[in-house]
Amino acid sequence: MADSAHNPASTVDPAEIERFARIAEEWWDPRGKFAPLHHLNPVRLGFIRDRAAAHWQRNPLSDRPLQSLSLLDVGCGGGLICEPMARLGAQVAGIDAADRNIATARRHAAGQDLAIDYRETTAEVLAETGAQFDIVLALEIVEHVADVGLFLQSVGRLAKPGGLVFLSTLNRTAKAWALAIAGAEYVLGWLPRGTHDWRKFLKPSEVVRGLRSAGVEPQEIVGVVYSPLSRAWSLNKRDLDVNYMLYGSKGVG
């Protein structure tokens, strides 16, 4: 685990890392503490696949539309996104600051016979090595980091010129507090209490500004909305009040 005491320029929030590391064994339990991410996955995966396929002029419904593209999942947790991305043909690397998350991800990938490069590190440390990828994912992580500006700069550096960055997070609105914290954590019990801090939620304009400063130009922002009737998540361009996703392209010059 990264030691922020010895590295003042760090995105690591030790309390956040420890919170998720404590429940690392539950990543792949669809009824466990990460159940909300399992339910979110189809929408997230479809958004990434379709936009990436369009960017590289490929058929999103082919067996391996991301064939030969390098992909990095920042804050990969137990590998819930890495594994389906690998099945879509991408050459996948996943990084996380929690060693227990990486151990869980490696163990599960081995059981699925998937070759995924998992590393215990942070975005800023990896960016310093000069590593770059066609696609960089930062899903449900920016609201947990200690230094948002450094994180977004590092994510931008990790994308190749002409590559794509995908990010999803929570908006800092009263509605997000009511639904994502009061509702999801305290009333419905979908998430462990204390999972989120409303003060760390980010407005889309703040994310856009941070990505632009890193050379990434946002292309699309969409809301991710839950329907209690269908018990399913869907994309909604008009409702960014709670969950939202965006993607942007890295400039080539």
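Calculation criteria
Residues numbered from 1 in each chain as written. Predicted model: local features only at pLDDT ≥ 70, side-chain atom pairs only at ≥ 80, totals over all residues. Heavy atoms only, no water. Helix = DSSP H or I, 4+ residues; strand = E, 2+ residues; numbered from the N terminus. Buried < 20%, exposed > 50% of the residue type's maximum accessible area, 1.4 Å probe, protein only. Contact = heavy atoms within 4.5 Å. Areas by Shrake-Rupley, 256 points an atom, 1.4 Å probe, with all protein chains shown as cover. Polar contact = N/O pair within 3.5 Å; in protein donor to acceptor, adjacent residues only side chain to side chain. Phe/Tyr/Trp six-rings, centres within 6.5 Å; stacked < 30°, edge-to-face > 60°. Expected span 1.5 Å × (residues − 1). Arc of directions from axis to C-beta. Pairing = 2+ DSSP bridges. Salt bridge = Lys/Arg side-chain N within 4 Å of Asp/Glu carboxyl O.

Colleague: Before we go on, may I ask you to explain the overall build of the protein in this structure?
Modeller: In terms of regular secondary structure, the protein is built from eight helices and eight strands. The 253 residues of the protein split such that 54% are buried. Sequence separation of 24 or more characterises 68% of the internal contacts of the protein that already satisfy a separation of 6 or more. Summing over all exposed atoms, the protein offers an accessible surface of approximately 11600 Å²; the carbon and sulfur share of this is 53%.

Colleague: How do you make sense of helix α6 (residues 148–158) when you look at a structure like this?
Modeller: Owing to its 3.6 residues per turn, the α-helix aligns residues three or four sequence positions apart on the same side. Looking only at α6, the buried set comprises F151, L152, S154, V155, G156 and L158. Sitting at the head of α6, D147 places a side-chain oxygen 3.3 Å from the backbone nitrogen of G149.

Colleague: Help me understand the packing of aromatic side chains in this model?
Modeller: Working definition: an aromatic ring pair is given by the centre-to-centre distance plus the angle between the planes. All told, the structure shown has four aromatic pairs when counted by the stated rule. Site record: aromatic cluster; members linked through ring pairs are F47, F166 and Y247.

Colleague: What should I look at first to understand helix α4 (residues 99–111) in this one?
Modeller: Counted at 1.5 Å a residue, the expected span for α4 with its 13 residues is 18 Å, and the 19 Å between its end C-alpha atoms agrees. Residues of α4 that are buried include every one of N101, I102, T104, A105 and A109, and no others. Around the axis of α4, the buried residues are gathered within 160° of arc, so they sit on the same side. With respect to the buried face of α4, the exposed residues turned more than 90 degrees away are A110 and G111.

Colleague: In this structure, what is going on with the pairing of strand β6 (residues 216–227)? I would like to understand it.
Modeller: Look at any regular strand and the pattern is simple: side chains alternate between the two faces of the sheet. In terms of strand pairing, β6 meets strand β8 (residues 243–250) through eight bridges, oriented antiparallel. What sits directly across from V222, in β8, is M245. Where β6 and strand β7 (residues 232–236) come together, five bridges link them in antiparallel fashion. Looking across to β7, one finds that Y226 is bridged to W233.

Colleague: In this structure, what is going on with the pattern of salt bridges? I would like to understand it.
Modeller: For side chains of opposite charge, pairing can occur when their charged atoms come near one another. One pass over the structure, following the stated rule, counts twelve salt bridges. D50 is the salt-bridge partner of R49, the closest N and O atoms lying 2.8 Å from each other. Look at D50 and you get partly exposed, because its relative accessible area is 27%.

Colleague: Would you mind going over unusual backbone geometry with me for this structure?
Modeller: Backbone geometry follows two general trends: most residues other than glycine have a negative phi, and most peptide bonds adopt the trans configuration. Backbone geometry at S68 places phi at a positive 75°, although glycine is not the residue there. Note that S68 resides in the loop between α2 (35–55) and β1 (70–74). With a relative accessible area of 44%, S68 lands in the partly exposed category. Even without glycine at this site, E140 takes up a positive phi of about 50°. By secondary structure assignment, the location of E140 is in the loop between β4 (133–139) and α6.

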